[in-house]
Amino acid sequence: MWIPTEHEKYGVVIASFRGTVPYGLSLEIGDTVQILEKCDGWYRGFALKNPNVKGIFPSSYVHLKNACVKNKGQFEMVIPTEDSVITEMTSTLRDWGTMWKQLYVRNEGDLFHRLWHIMNEILDLRRQVLVGHLTHDRMKDVKRHITARLDWGNEQLGLDLVPRKEYAMVDPEDISITELYRLMEHRHRKKDTPVQASNHHLFVQMKSLMCSNLGEELEVIFSLFDSKENRPISERFFLRLNRNGLPKAPDKPERHCSLFVDLGSSELRRDIYITVHIIRIGRMGAGEKKNACSVQYRRPFGCAVLSIADLLTGETKDDLILKVYMCNTESEWYQIHENIIKKLNARYNLTGSNAGTCDQEGGTPSSLSSQSWDTMSDLRGLAVSLQLLHGDIEQIRREYSSVFSHGVSITRKLGFSNIIMPGEMRNDLYITIERGEFEKGGKSVARNVEVTMFIVENSGQILKDFISFGSGEPPASEYHSFVLYHNNSPRWSELLKLPIPVDKFRGAHIRFEFRHCSTKEKGEKKLFGFSFVPLMQEDGRTLPDGTHELIVHKCEENTNLQDTTRYLKLPFSKGILLGNNHQAIKATKESFWITSFLCSTKLTQNGDMLDLLKWRTHPDKITGCLSKIKEIDGSEIVKFLQDTLDTLFGILDENSQKYGSKVFDSLVHIINLLQDSKFHHFKPVMDTYIESHFAGALAYRDLIKVLKWYVDRITEAERQEHIQEVLKAQEYIFKYIVQSRRLFSLATGGQNEEEFRCCIQELLMSVRFFLSQESKGSGALSQSQAVFLSSFPAVYSELLKLFDIREVANLVQDTLGSLPTIVHVDDSLQAVKLQCIGKTVESQLYTNPDSRYILLPVVLHHLHMHLQEQKDLIMCARILSNVFCLIKKNSSEKSVLEEIDVIVASLLDILLRTILEITSRPQPSGSAMRLQFQDVTGEFVACLLSLLRQMTDRHYQQLLDSFNTKEELRDFLLQIFTVFRILIRPEMFPKDWTVMRLVANNVIITTVLYLSDALRKNFLNENFDYKIWDSYFYLAVIFINQLCLQLEMFTPSKKKKVLEKYGDMRVTMGCEIFSMWQNLGEHKLHFIPALIGPFLEVTLIPQPDLRNVMIPIFHDMMDWEQRRSGNFKQVEAKLIDKLDSLMSEGKGDETYRELFNSILLKKIERETWRESGVSLIATVTRLMERLLDYRDCMKMGEVDGKKIGCTVSLLNFYKTELNKEEMYIRYIHKLYDLHLKAQNFTEAAYTLLLYDELLEWSDRPLREFLTYPMQTEWQRKEHLHLAIIQNFDRGKCWENGIILCRKIAEQYESYYDYRNLSKMRMMEASLYDKIMDQQRLEPEFFRVGFYGKKFPFFLRNKEFVCRGHDYERLEAFQQRMLNEFPQAIAMQHANQPDETIFQAEAQYLQIYAVTPIPESQEVLQREGVPDNIKSFYKVNHIWKFRYDRPFHKGTKDKENEFKSLWVERTSLYLVQSLPGISRWFEVEKREVVEMSPLENAIEVLENKNQQLKTLISQCQTRQMQNINPLTMCLNGVIDAAVNGGVSRYQEAFFVKEYILSHPEDGEKIARLRELMLEQAQILEFGLAVHEKFVPQDMRPLHKKLVDQFFVMKSSLGIQEFSACIQASPVHFPNGSPRVCRNSAPASMSPDGTRVIPRRSPLSYPAVNRYSSSSLSSQASAEVSNITGQSESSDEVFNMQPSPSTSSLSSTHSASPNVTSSAPSSARASPLLSDKHKHSRENSCLSPRERPCSAIYPTPVEPSQRLLFNHIGEGALPRSDPNLSAPEKAVNPTPSSWSLDSGKEAKNMSDSGKIISPPVPPRPTQTASPARHTTSVSPSPAGRSPLKGSVQSFTPSPVEYHSPGLTSNSPVLSGSYSSGISSLSRCSTSETSGFENQVNEQSAPGPGPGPSYGGPDEPGRKESKTPPPYSVYERTLRRPVPLPHSLSIPVAAEPPALPPKPLAARPGHLENGTRRTEPGPRPRPLPRKVSQL
């Protein structure tokens, strides 16, 4: 059975466990587990990373670790009992592991690799700690490294700063908050500002000397030189190089590496240089022959210099090459380094191959040639490695242990370092060999002088190995100077160190011997003189520092100098000689100068010092010696500190009466000397002396007496300097007094104790009296008081050695209490007084609870006083921090509770005021000041938090009871709530101080819970105070919203720790808010609606418990608001306003929306106002849906289309449902910015128009808003107009821009602002020019269905029509949509989806192309309107779109599929027209109708005929550079007809069975027959045109077409056209010159009534498609419209949906987006002009797809337009090669395309109006009265394509009239002046009608073809009815045009203005009837621009 574990509580998984057994817990290696139970080798427990999942696992998979358990039982906590550093390392590395992988994902490679190295390093250090074999010091070192790396990693990853004490993490509960703050602040400051090291060291490593003329050994001497003071500041580093320029002892690194130590910060400056002097060892001249002389001399070679400033960058200078300069003039060798530093190096040569040669005579070395300076390579020099190290020498030893372990020589500074350490033993005498003055000695040339130096004892023995040339070289017994060639005044300036022991110093002397070095063969060195100098004088003083001129005593070579007695009696210095008036004047002609400098801790050069130490030998000199002690150098005193102190107290014991005050003054001088930083380290020496060596048992009496005497004189003395010196030394004076008294007590058994106490009491009374005095006049007294106070706290510890702690505390309290409390005393004294208080609090005296309770009142008194004046806040903060550091948390001792009582009473109020004061000040500008400011604030805050955390219930009760009135309590509560709000500010603590923030929040919430009780008791009901309650709620809200409390953002481990320690403080505060709210009662009304926003912000936090607590408050608010005003509009308004701003900040989620909805709906179930409440909740919920969608879409990765759609949805919601104007305007501008970013300029303009609509042309002032300045409404509207015009211009929507130009021009005109009016008119004109000159692409339109629950709310289960981008076809659009919704699935059919798709948890996209149906046909059908203009109306202001789907109804006839081929036509109506404020709008309504196979056939033929006409017209007018499109189209139609295409229609619809079974289709059958015959006519004319233009190589094809055409005619039953048809060339519907546009009257029927064709609204033109295939279809083609793929490989043009797959019918299955597969010549030619090239490229697109200006070039000038060439006489088409091009151009007297129509025309016109059955009405075909019309032939020559008359066709129900060509073409869409019958219809209009315009006034042409006239011809000629412009009646509401039989001819009038942009849809669709029934529609009136 399972048993709870006792000891096995915690373990680490050592092998991964899959958890495949029942109840198994899956574990990975490295996981830590907590074990709950065990059973037979299995454990049950959980992984600490996921404590909610419990399970079982094998015990063998877990390694157990020791742990302690807290809270045993269900909620037990297990804490591993291991080193806290190890615990922290483990948890930190786990956290880092996850984040480290994320760095890789985010491509932060640099940090990724650095962190990887650090993690490995920490793991290695962790192993070392775990092994446990480290020494204590090494362990500390390892932990220091670990914590440093942990802190670095945490900082890099943005994790929290960890407070540590001695490398271990600190639990904030175990220390006071002030201490926690200090730890945090210390670590933070350490991180921010690294401490500058005061000690620096220079590491030098010599590599080699690179020089070509080596061959002799060298000496290299490094030293540091101060160029400012012109002196060396360090000893020398000396090393020897071999003949190759390499160190002689490479195996001994200390010989070629050195560390220049103890450089102060003041020495790291630019004028400190590293100097290198190089001496060669060899012959006198560098170029002498080898056998010339065998003696070796030291000779100057070269010098190099480097400024130490070059090393301050901190980089190691490896392999640095120093240029080595040679000295040409040896007499300047002593200052060569100075000259190089002064840039005087031009006089020196760089060392090179020919440097320094000598002549054979031994002359001076020759200088280099002038070119040597330039040609010398930079690499010729000294190779060294240099590095500057910082820190204490011991630290350097640790950090660079490898350097020291290999060996390195130490080079000291000259003399003592900046800080002299006690115990430092030195006795170094530095001698500089300066210069000499010698006589020639009887020679003709000067001497070569060499100096040899020895240290000689009195006995004549030479001291061995005490001459040091420099570090790196062992000391020698003698020294030989270098030799300067032929120089009687040589200057050497060589520094030597003589480390002579003290015992050898006395009696020793230095002897210098001078020799002349011959350059002859023998190379003799002849002695010619010597000098000497004793090291110590007879009185015991050493050789004084300074330069000494020594006498050169002449001697011979064989003189015996070993007998020192012979010369020691002689004078050695010229100073002594002159002083003694010695007679031997002749000996003074030659001189030798040296400089000496002693650095010794044992010897002195000071006579006064020696006199003082030997006072017993000269008692009479005691007074003088004591007086002179102040003149002795401090270093001399500290060297002999113990001896000096013994002397002083010896004199005091000798005669205290006589010497008491003198000794006291001397003692004060020495004590104050130790305050100097240079001698600061000697304080321990004095302490040791007092403890161990001081023996003056009676001295205390004299010291107290003299000290009291001085204190008593303070108030009277005029000069206070000496008294201040005494007071400064009081610490050590008291130490001597106390030690003396203890010695006396030990010696006497405690005699005179009372006397001593009285003396001390009297002394302190004198002190108190002097302290209580106020400074009058001068500040000398206050300065003395300040001096006393600054050193007084140091006395406490001494007094404690003799007195009880309470006594001392009382003494100190009395003394400090005697300080003057006047505030306006000297500020410096105030600061010192506070410092004294601070030191008191830090002292041992304050640490004891007994004494603390005595001292606390006086401390608090002074603090209160300073805080009240806001002075010395930094010091006050430090004192307070120390006060609270001593009060541990949860300390329940009585003394501590009493202390808290005192502090609360004294400081709480002033502390709150201080924090308010300092946080309300502006922060200082300087960074250092700002840091100080933040420190002060932080420390005060920590103090306040410490105090509040220590307060118990009793303290809070006492505090609240202490307020006498409610006003005082109110002020206090307001104050503390305000302070708490300040503490919660993010800037209060650095961002990584989460630990500190959590502690602060814990204290705040505890305090608030205490104070909320007081709030309830004192400020409710009649005492209600709004301000204090509001402050309370505001505090609670910002408390909950703090970033540091949002646990959802934390890592799991961090979240777990916080919850274990503090719980979720947000929920606690939320419950408190709810509780307090419920207590308010009717006072709740005061907070509605003010608190709605704050409470809403709280509920948006993703904490379920908090939401459940807070959301019901909204119900309460609604209820109270309902009671007050009968509605809750205020609540609604506020909720909506705040939701927008809060959710846009990223707050809230889908869960919140559902919770908000469910909780509130449940709450209002039983309310009387339930209905309105439900409405409000629904509105808010819908707003949340849209806001959440908006926020998700606005994320960086989302595409612009989704963002725009979402913004439109939200904008409309604010406008329509909420009517929030300001929010609406804000989102208008957000949408505007999105459009500009996406370059949707037209949509951007429409968007800005929404704001423009809200404004009027008034002078009302408007406030500053968004980016708009403060201005009048007129100015803002003007600004908006100009911006909108600019965007319409950029979006090529110039027609809309023109309207706005006119509107703003009206305003300028009304204000007589002609300047701006002129500009506006010019702008308007430029827009007109752009319409005519620039091309515009007609966009594609696509219907998109978004199905499934995974789409955002604004798209979910809705369908939209989208306006595509330029050149965007179906495939591209589909791919774009799938990219925008990568999770979506594309549906492969066009059927409406079922409910399962709607409800699916997925995304489905259904996309297919749709055709725009322009609402207004007026401009499109008007003749003569250029295509550039028409193209705008085809694709703008579109509400309706259409889509056709072919299908088979009934049984499909395999032989003839046309019998059952129906078309389902879907019409989509949008909520707004396109384009608009978005590229897509939702479909508001859809209508579906079915077209019968017959209607489908009619439409197919109409479309194909239209296409043929268009191509023929283009060919005739030379718009096509290539005839291939016409060839292919003709081939496709003729071939299909011959092979059964059109004949299939005959088989299907002309058979008797069909006619009998469908009697209602008689008219349609007749119409189909007419279209077939019309097609034959068009084909014949087309072949005639084709023959004219066909190239030679295609003639065979043409012949084949002609042959096949006759076969086709035979199949249709046509013999000769001439029998029944008058052949007419193609007319020119819109290419006529403007002057003749309206000259031709309308064609009339015989009875004068205008004949209008009636056509079905289904007969919308299909996309042209060329194919050579027959009309046979493929079943699979039905769905190809969805995919956009074409079946035929030789299609040239894109297809529009059509119910047939015939080549004649532009198969429906082909998508409008199918691209052309025509030859390149048919698609585009590089030789074409841009316009024509574009038209060629676009010729492959459907009329809907391509812009007019692209398909058909912009018309050229009328004079340049190419007109149709009428074909000349003859049955077949032909052209006259003799005619010139202008003659070939058609005269503007065209014929009509129409065939003669029967008399049934009138009947047809009467039957034009049909009541529509399920299929919408189809207008009748065009009835042409051509039969009764006189043929208008071209002149001068007859160019009719056919000869003779056209025979009648087979009888048909109606007479035939062929439709005109498409109006897309600028050449075909108008009529010429001769009056051509206009048969064109717009390819994009839903329906179209045709007009016949015949110029009745034209005479028949002279051509051979007879003119045909009918019986009605005369009557028709008399008709003068003007031609109508359009068949599209303005009075119609529905887009289906009125049948022509009902239309009324209207007079010609100018073209209408372009429609207003964004036209509001008139009316609404009601039950689908409005759009189908024709009704009167008034002509649109001009609207305000605001309605655009």
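As the structure is a computational prediction, the values presented were derived from the model and not from experiment.

Take the side chain of Glu1273 next. Among the structural elements, Glu1273 can be located in helix α46 (residues 1273-1290). The buried category is assigned to Glu1273, whose relative accessible area is 2%. Among the polar contacts listed, one links the side chain of Glu1273 to the backbone nitrogen of Glu1256, at a separation of 2.8 Å. Beyond its immediate chain neighbours, meaning those up to four positions away, Glu1273 contacts Leu1254, Leu1255, Glu1256, Ser1258, Arg1260 and Leu1262.

Further remarks concern the packing of helix α29 (residues 894-920) against helix α31 (residues 953-961). A pair of packed helices is captured by two measures, namely the crossing angle of their axes and the spacing between those axes. Put simply, α29 and α31 touch, their axes get as near as 11 Å, and they point 35 degrees apart. The handedness of the crossing between α29 and α31 comes out as right-handed. Within the contact between the two elements, α29 uses Leu897, Ile900, Asp901, Val904 and Leu908 and α31 uses Arg954, His955, Gln958 and Leu959.

Once that is clear, we can look at the pairing of strand β21 (residues 381-390). Burial analysis of β21 places 8 of its 10 residues in the buried class, the great majority of the element. With 10 bridges connecting them, strand β11 (residues 199-210) and β21 associate as antiparallel partners. In the sheet register, Gln205 faces β21, and the bridge partner there is Ser385.

This part is about the confidence of the model for the protein chain. The predicted model of the protein chain has a mean per-residue pLDDT of 75, with 74% of residues at 70 or higher. Predicted confidence for residues 578-586 stays below pLDDT 50, and this span has 2 contacts to residues more than four positions away or in other chains. Per-residue pLDDT stays below 50 along residues 1617-1988; that stretch engages in 1067 contacts with residues further than four places along the chain or on separate chains.

Here the focus is unusual backbone geometry. Residue Pro1089 is bonded to the preceding Ile1088 through a cis peptide linkage, with omega at 10 degrees. Following the sequence through the fold, Pro1089 ends up in the loop between α36 (1065-1080) and α37 (1092-1099). Positive phi values are uncommon outside glycine, yet Asn230 reaches one of about 55 degrees. Residue placement: Asn230 occurs in the loop between β12 (217-226) and β13 (231-232). Since its relative accessible area comes to 40%, Asn230 is described here as partly exposed.

Turning our eyes to something else, we now look at helix α20 (residues 730-748). An α-helix turns once every 3.6 residues. As a result, residues three or four positions apart point the same way. Over its 19 residues, α20 extends 26 Å from the first C-alpha to the last, a length consistent with the 27 Å expected when each residue adds 1.5 Å. Gly749, located one to two residues past α20, shows a positive phi value of around 75 degrees.

This part takes up the sheet that holds strand β31 (residues 591-600). A sheet is described by the order of its strands in space; here 4 strands give the open sequence β26-β23-β31-β29, paired in antiparallel fashion. Only two strands of the sheet have a single partner each, and these edge strands are β26 (491-498) and β29 (546-551). The sheet shows a mean angle of 25 degrees between the axes of neighbouring strands, taken without regard to direction.

Taking strand neighbours across the sheet as the criterion, the 5 strands line up as β25-β24-β27-β28-β30 in an open arrangement whose pairing is antiparallel. The open sheet is flanked by β25 (478-480) and β30 (553-554), the only strands paired with a single partner. For strand β24 (residues 449-456) and strand β27 (residues 509-517), the ladder comprises 8 bridges, and the chain directions are antiparallel. From the neighbouring strand, Glu450 faces β27, where its bridge partner is Arg515.

Calculation criteria
Residues numbered from 1 in each chain as written. Predicted model: local features only at pLDDT ≥ 70, side-chain atom pairs only at ≥ 80, totals over all residues. Heavy atoms only, no water. Helix = DSSP H or I, 4+ residues; strand = E, 2+ residues; numbered from the N terminus. Buried < 20%, exposed > 50% of the residue type's maximum accessible area, 1.4 Å probe, protein only. Polar contact = N/O pair within 3.5 Å; in protein donor to acceptor, adjacent residues only side chain to side chain. Contact = heavy atoms within 4.5 Å. Axes fitted to C-alpha atoms, helices over the stretch in contact; angles between N-to-C directions. Left-handed = near helix turned anticlockwise from the far one by under 90°. Pairing = 2+ DSSP bridges. pLDDT = per-residue confidence, 0-100. Expected span 1.5 Å × (residues − 1).

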